[in-house]
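Residue-level structure breakdown
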Amino acid sequence: MSVLAPLAACGQDRAAAQAATRVVQPLAPRVASPDRWATEIAAAEASARRGNRPEATQRAGRITAAYEQGGARNSDEHLSAGRAYVLLGIGNAQAVRSALAAFDRATAADSSNFDAPRRAGELFLEKYNAPDARLSFEGILRRSPTDAKALLAIARVEEFEGKGNPMATARLSIASDPNYADALAFVAKMQRDAEAYDSARVYAQRAIEADAASTAGWSVLGSMAFLNGDSATFRKALAAVTASQPAPAEFYTDLAEASVRQRRYTEAVTLAQRAIGYDSLYVPAFGVLGTNQLRIGQMDAGRAALERAFALDPFNLWHKNTLDLLDKMKSFRTIDRGRFRVVAPADEADLLALYIVPLLEQAYDSLAVRYGYKPPTPIRLEFYRYHADFSVRTVGLAGLGALGVSFGSLLAMDTPNGRERGQFNWGSTAWHELTHAFTLGASAHRVPRWLSEGLSVLEERRVGRGWGADATVSYVVAMAHGKLRPISRLSDGFLRPRFPEETQFSYYQASLFCEMVELSRGAAALPAMLRAYRDGLNTPDVFQTVLGKTPAQIDAEFAAYAQRRFAQALSAVRGSSPSDSSGGKFVATMREAASKMGTDRDGARKLFEQAHAMFPDYGGEDGPAWYLAQVAESAGDTTLALSMVEQVTSRNETAWDANLFEANLREKRGDRAGALRALDRLNWIWPYDAGVHSRLATLAAAQGDHGRAVLERRAIIAMAPTDILDARYELARALRDAGDIAGARRALLQVLEEAPSFEKAQTLLLELRGK
């Protein structure tokens, strides 16, 4: 983005300028210099905090005018001028650059004036330039390693970048100054966002005790009260904030952001609008408003809000990326069918809609019965060919690892070719995201993420087709070594993962909890939990009220359930010592078997059989069942081959090769229905194989399923094949067999319009006229 270049260049100049001051020098107490503008800039900033922007701008303008005319006499006056330029920086990129230049002059005039590099760093971070922000704060810490303000500033950079440990760094700031209210409030906010509400409340209260006017501390208490329906505490927090900020735009924006973290997007929109009502120039409020209007399907309003935000702050990369994506989406095609609206790249929309709409209609009906709730329709499903675009749609930047997302009645996901074939199953992903629309709605968007994800994975498994997560070797090894969280702390597995696989393990573990609840307490228990969250209960109260146990008792119940369920697998993967995480006898046997495949196939088979007996439920394509299926097929034992490959295809939703293997075997054995099922599973892994569609059409017609044959012929046409005329002719035949004579005629006329001498089409058209 071109407007970022000058700001970045300014930071590079600062890096060079500060390089000369990196030698640690003894500090002497700093004596402030006379500052002609000290009173005026303090008054201007106070006006801004009260929401009186005209007065703040007027005062700041007087300072900058005097500065530009006569300059500054010392470091403190440069600093005051920089602060004035910051107040003038809304919608004014040059004022931002002038502020940075003034801060740099303040530092050059007096390197002990730490307020100047700190404010420069804060401005860099406010304008999304974390590297230069870090440079500013680290320069202070080289001179004063325990500077509480600089340590907190580094924590903010770490939070922004998603690197390091911002919580630990903020606690260093508190250790340096136990009464530093901003640091205490920062930790409170992080605890709130991690759903550690008791800890958040303690730190917020400490911030308020340190500074009764700590708006950040009151905001944390107020947001938690708002989310939990505690109107008395909310009113108290609002009164405390408005005492110093009569126009509390920042407070309501923080409420909106906290609501987003709880997936309460409609409430976030309302709160952001309230914030803008107090301050029509408050950029964060416009950003929250526009982003969440887009999430609830208010596309035009969301775009308008983000355009306003970007006009006020042209440095915001999130808003720029989202606006660029909205421009790209103008070329997408929208298909409205029943309760669903599919938005996809124009050349894929027809193909994807053919399959996804009937699937989601089926899902909607079954989930509505199970959860006693119906999300508002139409439900909008957006497909993105490039994962970076999907990531921008979701969080504003590329790099999100998820495959899909649900905001309620708006779903977004990768197209099937957004990833390599075999990397994900687009059918199960769509089912998973639609389930969120039900669980979020049924709980009034109050269900914790871990439970909502667990329910979505469980619903995938109910469909069959091998969908939904299943136990992997690495999961069972982690379980054997006690690396998994107890259920009562499973939120941390999503919000604060300790190792790369923990989030994925947490999805599966949450689904096992849901499975346990349903098995032990009946089908009504899970919907009852959602209703309890809807009614304002927290997780311990939900456990006690619906499940009849405390969190500690639920943890113990689940641990025992998991030990029983995976007893055989745990024995197979347990290492020779507590620190051995190699996968035990199972992995060792698999490795030995694989090494013999080229030289001793019978010996390999026996070892694979041993491994299969150790962990019979493992369906990975690197597992023993898949190897045994191939060995049996090469030996001519198709019965055993089918038995083994089914153990892969019934548990592994992305097993392309195994499903194709099964389809071929079944077709050879005359099992058309079984071959159809296997080919259908392939379609949900990768729908772009014309050969698979052609086989599905032929087998369906042979089985008398003419509707399916028509679907597959339409799919081939949607893929724009080279021989489009023959594809339309085959569609006409399928329509004739399905009894749709009018449709068959239309398809034939399309052929003959382009190729009047197409003999097969002429013959079939004459036949249809006879009918």
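For the structure itself, consult the block above.
Scope of this entry: the structure provided in the associated data block. Everything quoted here is computed from the prediction, not taken from an experiment.

What counts and what doesn't
- Residues numbered from 1 in each chain as written.
- Predicted model: local features only at pLDDT ≥ 70, side-chain atom pairs only at ≥ 80, totals over all residues.
- Heavy atoms only, no water.
- Helix = DSSP H or I, 4+ residues; strand = E, 2+ residues; numbered from the N terminus.
- Buried < 20%, exposed > 50% of the residue type's maximum accessible area, 1.4 Å probe, protein only.
- Contact = heavy atoms within 4.5 Å.
- Areas by Shrake-Rupley, 256 points an atom, 1.4 Å probe, with all protein chains shown as cover.
- Lys, Arg positive; Asp, Glu negative; His and termini not counted.
- Charge placed at Lys NZ, Arg CZ, Asp CG, Glu CD.
- Phe/Tyr/Trp six-rings, centres within 6.5 Å; stacked < 30°, edge-to-face > 60°.
- Lys NZ or Arg CZ within 6 Å of the ring centre and 35° of its normal.
- 1 Å grid on protein atoms, 1.4 Å probe; cavity = no way out; pocket = protein on both sides within 12 Å on 5 of 7 lines; lining within 4 Å.
- Points joined across faces, edges and corners; volume = space filled by probe spheres on them.
- Nonpolar A, V, L, I, M, F, W, Y, C, P; charged D, E, K, R; others polar.
- Expected span 1.5 Å × (residues − 1).
- Pairing = 2+ DSSP bridges.
- Axes fitted to C-alpha atoms, helices over the stretch in contact; angles between N-to-C directions.
- Left-handed = near helix turned anticlockwise from the far one by under 90°.
- Salt bridge = Lys/Arg side-chain N within 4 Å of Asp/Glu carboxyl O.
- Polar contact = N/O pair within 3.5 Å; in protein donor to acceptor, adjacent residues only side chain to side chain.
- Parallel < 35°, antiparallel > 145°, perpendicular 65-115°, else oblique.
- Core = buried A, V, L, I, M, F, W, Y, C linked by side-chain atoms within 4.5 Å.

Let's talk about the overall build of the chain
Scanning the chain from N- to C-terminus turns up 40 helices and five strands. Taken along the three principal axes of its C-alpha coordinates, the chain extends 100 × 70 × 55 Å. For the chain, the proportion of its 771 residues judged to be buried stands at 53%. In the chain, the proportion of contacts linking residues at least 24 apart, taken out of those at least 6 apart, comes to 60%. When the accessible area of the chain is evaluated, it comes to approximately 32300 Å², of which 51% is carbon and sulfur surface. Between the centroid of the 92 positive side chains of the chain and the centroid of its 90 negative side chains there is a distance of 2 Å.

Structural notes on the packing of aromatic side chains
In this structure the tally under the stated criterion is 35 aromatic pairs. Ring geometry for W450 against F543: centres 6.4 Å apart, planes inclined by 75 degrees, an arrangement best described as edge-to-face. One end of the pair, W450, is in helix α22 (residues 449–463); the other, F543, is in helix α27 (residues 539–547), with 93 residues separating them in the sequence. Here W450 and F543 have matching classes, each one buried. Feature note: the residues Y355, F383, W426, W431, W467 and W684 constitute an aromatic cluster, connected by ring pairs. A cation over an aromatic ring shows up here: R308 above the ring of F286, its NZ or CZ 6.0 Å from the ring centre. Here the basic side chain of K483 rests over the ring of F499, its NZ or CZ set 4.3 Å away from the ring centre.

Description of the layout of surface pockets
Roughly 880 Å³ of volume is contained in the second largest pocket. Every residue lining the second largest pocket is counted, 32 residues in all, and those nearest its centre are E195, Y197, N538, T539 and P540. Elements supplying a minimum of two residues to the lining of the second largest pocket: α11 (197–210), α12 (215–228), α24 (491–495) and α27. Taken together, the residues of the lining of the second largest pocket sort by class into 13 nonpolar, 10 polar and nine charged.

Points about helix α10 (residues 181–193)
Relative to the 18 Å expected for 13 residues at 1.5 Å per residue, α10 spans 18 Å between its end C-alpha atoms, a close match to the ideal helical length. With 11 of 13 residues buried, α10 lies mostly within the body of the structure. Where α10 is concerned, the buried positions are A181, A183, L184, A185, F186, V187, A188, M190, Q191, R192 and D193. Residues of α10 that are buried sit in contact with α8 (148–161), α9 (166–176), α11, α12, α14 (249–261) and α24. The first or second residue beyond α10 is E195, which carries a positive phi of 65 degrees.

Side note on the sheet that holds strand β1 (residues 332–337)
Pairing in this open sheet of five strands is mixed, and the strands run β1-β2-β3-β5-β4 from one edge to the other. Strands at the two margins of the open sheet, each flanked by one partner only, are β1 and β4 (404–406). Ignoring which end each strand starts from, the neighbouring axes of this sheet average 15 degrees apart. When strand β2 (residues 340–345) meets strand β3 (residues 379–384), the two strands line up parallel, connected through four bridges. Across the sheet, residue F340 finds its bridge partner in β3, namely I379.

Quick notes on the packing of α11 against α12
Packed helices, taken two at a time, are described by their axes: the angle between them and the distance between them. Taken N-terminus to C-terminus, the directions of α11 and α12 make an angle of 145 degrees; their axes are 8 Å apart at the nearest point. Crossing handedness for the pair α11 and α12: left-handed. On α12, the residues touching Y197, A200, R201, A204, Q205, A207 and I208 of α11 are G217, W218, V220, L221, M224 and N228.

Comments concerning the pairing of β2
The buried fraction of β2 amounts to five of the six residues, a majority that puts the element mostly inside the structure. Summarising the sheet, β1 and β2 pair through six bridges and their orientation is antiparallel. By the bridge assignment, D336 is partnered in β2 with R341. Here β1 folds back onto β2 in antiparallel fashion, the turn holding two residues, of which G338 has a positive phi close to 60 degrees.

Structural notes on the pattern of salt bridges
Note that side chains of opposite charge can pair when their charged atoms are close. Tallied over the entire structure, the rule returns 67 salt bridges. Put simply, E40 and R59 hold a salt bridge, and the shortest N to O gap is 2.9 Å. Within this pair, whereas E40 is found in helix α2 (residues 38–49), its partner R59 is found in helix α3 (residues 53–70), the two being separated by 19 residues in sequence. E40 sits in the buried class, given a relative accessible area of 18%. A salt bridge links E515 to R565; the nearest nitrogen and oxygen atoms lie 2.8 Å apart. Pair noted here: E515 is in helix α25 (residues 502–521) and R565 is in helix α28 (residues 551–565), with a separation of 50 residues, a long-range link. One network of salt bridges, in which partners are shared, links E45, R83, D115, R118, R119 and E122.

Quick look at the side chain of H693
You can see H693 is positioned in helix α36 (residues 690–702). Polar side-chain contacts of H693 include one of 2.6 Å to the side chain of E712. When near neighbours in sequence (up to four residues on either side) are disregarded, H693 contacts L351, Y355, N683, P687, E712, A715, I716 and M719.

Digging into the environment of A42
On the secondary structure map, A42 appears in helix α2. Relative accessible area serves as the criterion here: at 38%, A42 is assigned to the partly exposed category. The spatial distance from the C-alpha of A42 to the C-alpha of A84 is 9.6 Å, given a sequence separation of 42 residues.

Notes on the packing of helix α38 (residues 724–737) against helix α39 (residues 741–754)
Here α38 crosses α39 at 165 degrees, and the two axes come no closer than 8 Å. Of the possible angle classes, the one that applies to α38 and α39 is roughly antiparallel. For the element pair α38 and α39, the recorded crossing hand is left-handed. Note on element contacts: α39 touches α38 through I741, G743, A744, A747, L748, Q750, V751 and E754, opposite L725, R728, Y729, A732, L735 and R736. Broken down by class, the residue content of the contact of α38 with α39 amounts to nine nonpolar, two polar and three charged.

Brief notes about the side chain of S75
When you line up the elements, S75 lands in helix α4 (residues 75–87). Residue S75 is classed as buried on the basis of its relative accessible area of 3%. There is a polar contact of 2.8 Å between the side chain of S75 and the side chain of N113.

A look at the nonpolar core
One finds I356, L434, W450, F513 and F586 to be the most contacted residues of the largest nonpolar core, which totals 123 residues. Ranked by residues supplied to this core, first place goes to helix α19 (residues 349–371) with 15 residues. Once residues within four sequence positions are removed from consideration, I356 is found in contact with V342, L381, F383, W426, A430 and W684. With 68 residues, the next largest nonpolar core counts A237, F286, F310 and L312 among its residues.

Thoughts on unusual backbone geometry
Residue T377 is joined to P378 through a cis peptide bond whose omega torsion reads 5 degrees. As for its placement among the helices and strands, P378 is situated in the loop between α19 and β3. Even without being glycine, E195 reaches a positive phi, approximately 65 degrees. Along the chain, the position of E195 falls in the loop between α10 and α11. Residue R465 is not a glycine yet carries a positive backbone phi of 60 degrees. Along the polypeptide, R465 turns up in the loop between α22 and α23 (473–480). You can call R465 partly exposed: its relative accessible area is 28%.

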